[in-house]
Amino acid sequence: MALSRLPLPPGCCASSGRERPACGLLSPLRYQLNFPDCGPACTSRALLALTVPLETLQVVKGRMMQDMRKGLCRQTHTQACMRMLPTFICSMPDGTGYRLCFSAEKGSFLVVELCQNYVRTLLVTLLGDGNRNPEVIYKIFDMPEDIVRGTGEALFDFIAQCVKQFLAGVDISQDRLPLGFVFPFSCRQTKLDKAELISWSKGFCCSDVEGKDVVELLQVAINKQEVYNVEVVALLNDTVGTMMSCSTRDKACEVALILGSGTNCCFMAEAREVEMVEETSGRMCVNTEWGLFGDDGALSDILTPYDVRLDQETFNPGERRFEKLVGGVYLGEIVRHVLMALAVEKALFIGSNVTILRTKDVISTQQVLDIIDHEEGMDAARRTLETLGLGPSERDCCRVQQLCRAVVSRAAALCGTGLAAILTHMCQAREMEQMAVNVGVDGVLYQGHTRVGEILRSVTGLLAPECTATLLPSPDGTGLGAAIVTAVALRLASQRCQVDQVLAPLRLSRADLERVQALMRQEMELGLGQETHANASVRMLPTYVCGTPDGSEKGEFLALDLGGTNFRVLAVHVGKDGIRMASDIYIIPTIIMQGTGEALFDHIIECIMDFQQKQDLVGQTLPLGFTFSFPCQQLGLDKAVLLNWTKGFNATGCVGKDVVQMLREAAQRKEHSGLKVVAVVNDTVGTMMSCGYDDPKCEIGLIVGTGTNACYMEEMQNVGTVEGEQGRMCINMEWGAFGDNGCLDDIITNFDRLVDEKTINAGKQRFEKLISGMYLGEIVRHILLALVSKQLLFRGKPCPQLETKDIFKTKFLSTIECDGLGLQQVQTILQDLELQASFEDSLLVREVCKTVSLRAAQLCAAGLAAVVEKMRENRGLDKLSVTVGVDGTLYKLHPCFSQNVQQVLQDLAPNCNVTFLLSEDGSGKGAALVAAVASRGVEL
């Protein structure tokens, strides 16, 4: 990309006639080596060493992004300097912003904030009215110097004493007081309230804390003080607190950085990126711990001798290299080392005793910030240097001011480089060309001088031009943010409990599925028995198909496939070279589906005649196989009596009649003489036959689409409703009716009953209504309505659209559950339904969809487990290898359904090796194959 450069500042203030050195803040972006007159060459060299060219900053940005990716990846996490620590904060306040959170978050929350040299305790009362600011009471407790380098027990005892003393001075009536703990050090979190300290920084080095859960240490210390009503609910880094407290009414803050005594940054990452946790949906806040960046040498080309000397004097040399270039704890020390080196070279303080500059911490970062001020900076420089006994000249003061500006400018520029790396990473992860984001900022360096913010914005804009970052100063440090995190955690915990209660009836245990499997087996046996057939909910209908294709079939055939709102007509050529097909799809309008039987079959004949016209088949009489995907009592290969309609069909005058005869009568009415129906089969049988042409082991057919059904090859000796003992016959199970006798009542939920009540066949096809595509969207809709009524979804606002039957299509489940689909796209789907969803809402809708589709897959697998185990036992096998031919949009198009079916089936039927083969050409091809064999007089 084309990169602009910030201009170097003009010359400034020396009183001689020469051009004066710059008093303006030194630019962090160098594009030439000649500075305005800075005095001796060693001073110019120092200034040059402390500035970083834009090209180098771009390289640093790239290195940081690479390290971020390593930190997020499970395989390379341990190799990364930036630890990219999960915070387990996955939600903004109420899913929206800072002001709106107060309409949901309500109550009093205690906050303890561990700072550089003090502990701050706060009592934050969120009023929940959406209009007023929270009430905040706080107190600061100075921390003795020996605490930060003493024992961990002493540190946490001190914090607990602060809590007890603070609470003694406030009036609080809550029985339970949740506490949010701001702990600004690297922690490995496994929960919001469980975090092991990785390492100390910022001068802290308390013993016996690293590797331990700091939440537990604080809770133990508080209990030791006999303050039993305080419970530590959440631990967070100061950057996270800043992010939460900087959210606005219009837009949530999704990035925060600290530029103070130390430095760090956090951001809302796509959860799928955070491989160290199992969460794969939505976003999670990641604490980058970017202060560690460069510990592997990635910053060696910009380190100066002054940085190296400073590092050697710290208690952790070689560590936290980025923070030691940026953090306020170190900037005064960098300036001291620069001044000491220049004094030794006689470039500053000539004639003065400079021994004082060998003493650590004689120049503070606050003094550095005072010195770089435009108006009072020269006076501040003089006061600081005179206090040290250095007897500075005016030129000394001016050069010191320049050097201080160079050190602070470099820190701001590097911080801007890091922010640019974060923003570009976010933009790429979200697959956006342009991104606008709010960035919360806190820390004495940022707040202490306006020019620091200007450099930060400028560098970020130059290095991440695709991102528009709005920097928002933290309104109240991290305390308010910690209170919000704690409040959100409690709200989400309460909501989680309520959501689990709503969804619990749909979550089936292993024992539940084993019971369904046993019940299916029991109903299968009843359906096959001559005496018990009439009382079985699974009808187990003989199909008179007694074998699968052997490859010898050939000829030209027609096929009809009627099983839903789409009706398919096919012309099929079967030969030695395989099968060729031509087909057309015709719509069956609802008015015909639910009209008269004559109108329905007349429409089918009209579609056949139209197809034959298009295919130039008029006048030809071809054998026809009819796939009729509704429950029928088959009396022969070409005779099937309709038992009842399903899938929304309800044409009158059809139940109890032979569907083949009705088709022939319609042909007569339409004067279509070229119709020769030789076989009528169910869609499951057609699917089994179609897949059997490619795989001789295919002896099961399964449909999971608009409806659901299965068929399989049963031993003739077990089929009590048909004469004969030899061989096998395909049985059309009609398992959609499983449970119509009440045997599944204990797993049928209120949501299922609500769906069933509004169907045209209430009380029937109960198993199908738990599994198939015609009903899953409706089940989800009723669950969403229940969640809205409990104030758990869409902020409890009325959703008129959700009251509309069938508004939530089953295809939405397939789309919403797709792993690659971001929650922004899920929001878009919901917005198309006029549902204004937050990211939290989108996550919950996705969870509901997954729960409903998983149950459907589990029940389907339990049914199949009963089938394959029966086949195995029938054949006396220890192990059964069999193929299932499958068709249906739900099985084929849903991203998880097929995998869930296969995994659960393997678990429930471990002695059966089951292969699933997708039917590529639908059940129409199978009907043609049945017709092909029948037309040759071969008994199937």
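Residues numbered from 1 in each chain as written. Predicted model: local features only at pLDDT ≥ 70, side-chain atom pairs only at ≥ 80, totals over all residues. Heavy atoms only, no water.

Draft legend 1. A look at the overall build of the protein chain. From N to C terminus, the protein chain includes 28 helices and 26 strands. Relative to the compact-globule value of 30 Å for 940 residues, the protein chain shows a C-alpha radius of gyration of 38 Å, a clear excess of over 25%. Counting all 940 residues of the protein chain, 61% fall into the buried class. A separation of at least 24 residues holds for 70% of the contacts in the protein chain among residues at least 6 apart in sequence. In the structure as shown, the protein chain presents an accessible area of about 36,400 Å², 48% of it carried by carbon and sulfur atoms. Within the protein chain, one finds 89 positive and 113 negative side-chain charges whose respective centroids are separated by 4 Å. (Helix = DSSP H or I, 4+ residues; strand = E, 2+ residues; numbered from the N terminus. Rg over C-alpha atoms; globule rule 2.2 N^0.38 Å. Buried < 20%, exposed > 50% of the residue type's maximum accessible area, 1.4 Å probe, protein only. Contact = heavy atoms within 4.5 Å. Areas by Shrake-Rupley, 256 points an atom, 1.4 Å probe, with all protein chains shown as cover. Lys, Arg positive; Asp, Glu negative; His and termini not counted. Charge placed at Lys NZ, Arg CZ, Asp CG, Glu CD.)

Draft legend 2. Spotlight on the pairing of strand S6 (residues 186–191). The sheet contact formed by S6 and strand S7 (residues 194–199) spans 5 bridges and is antiparallel. Bridged to cysteine 187 within S7 is leucine 197. From the end of S6 to the start of S7, which pair antiparallel, there are 2 residues. (Pairing = 2+ DSSP bridges.)

Draft legend 3. Just the pattern of salt bridges, in detail. One pass over the full model with this rule turns up 50 salt bridges. With a closest N to O distance of 2.7 Å, arginine 855 and aspartate 752 form a salt bridge. Within this pair, whereas arginine 855 is found in helix H25 (residues 839–874), its partner aspartate 752 is found in helix H20 (residues 750–757), the two being separated by 103 residues in sequence. Here arginine 855 falls in the buried class, since its relative accessible area comes to 1%. Look at aspartate 752 and you get buried, because its relative accessible area is 6%. (Salt bridge = Lys/Arg side-chain N within 4 Å of Asp/Glu carboxyl O.)

Draft legend 4. Highlighting the confidence of the model for the protein chain. Of the residues in the protein chain, 91% have a pLDDT of 70 or more, and the chain-wide mean is 87. When the criterion is pLDDT under 50, residues 1–38 qualifies, and its contacts beyond four places in sequence or with other chains add up to 106 contacts. Overall, residues 94–103 carries pLDDT values under 50, and its contacts beyond four positions in sequence, including any with other chains, amount to 37 contacts. (pLDDT = per-residue confidence, 0-100.)

Draft legend 5. Highlighting a nonpolar patch on the surface. On the surface, Val136, Tyr138 and Ile140 cluster together into a nonpolar patch covering about 270 Å² of accessible area. In this fold, valine 136 is placed in strand S4 (residues 135–142). (Patch = residues over 30% accessible without salt bridge, like charges linked within 9 Å, V, L, I, M, F, W, Y side chains within 5 Å.)

Draft legend 6. Spotlight on helix H1 (residues 41–49). All buried positions along H1 are accounted for by Cys42, Thr43, Ser44, Ala46, Leu47 and Leu48. Tucked inside the fold, the buried residues of H1 contact helix H6 (305–313), helix H8 (328–344) and helix H11 (394–429).

Draft legend 7. Spatial organisation of the sheet that holds strand S8 (residues 230–236). Here we have 5 strands laid out as an open sheet, ordered S4-S3-S2-S5-S8, and mixed in their pairing. The strands lining the two open edges of the sheet, one partner per strand, are S4 and S8. Sheet twist, expressed as the mean angle between neighbouring strand axes with direction ignored, is 20 degrees. Alignment of strand S2 (residues 107–114) against strand S5 (residues 177–182), held across 4 bridges, turns out to be parallel. When the sheet's bridge partners are listed, valine 112 is paired in S5 with phenylalanine 181. (Axes fitted to C-alpha atoms, helices over the stretch in contact; angles between N-to-C directions.)

Draft legend 8. Geometry of the packing of aromatic side chains. Overall, the coordinates contain 20 aromatic pairs when judged by the stated rule. Here a set of aromatic residues connected by ring pairs shows up, and it is made of Phe156, Phe181, Phe183, Phe185, Trp200 and Phe204. When the ring centre of tyrosine 138 is taken as reference, the NZ or CZ atom of arginine 120 above it lies at 5.5 Å. (Phe/Tyr/Trp six-rings, centres within 6.5 Å; stacked < 30°, edge-to-face > 60°. Lys NZ or Arg CZ within 6 Å of the ring centre and 35° of its normal.)

Draft legend 9. Highlighting the sheet that holds strand S11 (residues 283–287). Strand order in the open sheet formed by 6 strands is S1-S11-S10-S9-S12-S13, and the pairing between neighbours is mixed. With partners counted over all chains shown, the strands left at the sheet margins are strand S1 (85–86) and strand S13 (467–473), one partner each. Strands in contact with H11 are strand S9 (253–259), strand S10 (263–270), strand S12 (435–442) and S13; relative to S9, the strand with the most contacts, it is inclined by about 160 degrees.

Draft legend 10. Region of the structure containing the side chain of glutamate 768. Among the structural elements, glutamate 768 can be located in helix H21 (residues 768–771). For glutamate 768, a relative accessible area of 2% puts it in the buried group. One polar contact links the side chain of glutamate 768 to the main-chain amide nitrogen of threonine 708, over a distance of 3.0 Å. Those residues within four positions of glutamate 768 in sequence are excluded, and the remaining contacts are Thr646, Lys647, Gly707, Thr708, Gly736 and Tyr775. (Polar contact = N/O pair within 3.5 Å; in protein donor to acceptor, adjacent residues only side chain to side chain.)

Draft legend 11. Representation of the environment of leucine 218 within the structure. Here leucine 218 is to be found in helix H4 (residues 214–224). Between the C-alpha atom of leucine 218 and that of leucine 637, which follows or precedes it by 419 residues, the distance is 78 Å. When neighbours within four sequence positions are excluded, leucine 218 is seen to be in contact with Phe156, Ile159, Leu179, Phe181 and Val232.

Draft legend 12. Up close: unusual backbone geometry. A positive phi angle, near 65 degrees, is found at phenylalanine 88, a position not held by glycine. Inspection of the secondary structure assignment puts phenylalanine 88 in the loop between S1 and S2. Look at phenylalanine 88 and you get partly exposed, because its relative accessible area is 25%. A positive phi is found at arginine 795, a non-glycine position, where the angle reads about 55 degrees. Inspection of the secondary structure assignment puts arginine 795 in the loop between helix H22 (773–789) and helix H23 (810–816). With relative accessibility at 34%, the residue arginine 795 sits in the partly exposed group.

Draft legend 13. Local environment of the pairing of S11. Counting buried positions along S11 yields 5 of 5 residues, so the element is predominantly enclosed. Of the strand pairs in this sheet, S10 and S11 are connected by 5 bridges, and their pairing is antiparallel. Looking across to S11, one finds that phenylalanine 267 is bridged to valine 286.

Draft legend 14. View of the packing of H6 against H8. Closest axis-to-axis distance for the H6/H8 pair is 9 Å, and the angle between their directions is 120 degrees. Looking at the two axes, H6 sits oblique to H8. The handedness of the crossing between H6 and H8 is right-handed. Residues Tyr306, Asp307, Arg309, Leu310 and Glu313 of H6 pack against Tyr330, Glu333, Ile334, Arg336, His337, Val338 and Ala341 of H8. Of the residues assigned to the contact of H6 with H8, the class counts are 6 nonpolar, 1 polar and 5 charged. (Parallel < 35°, antiparallel > 145°, perpendicular 65-115°, else oblique. Left-handed = near helix turned anticlockwise from the far one by under 90°. Nonpolar A, V, L, I, M, F, W, Y, C, P; charged D, E, K, R; others polar.)

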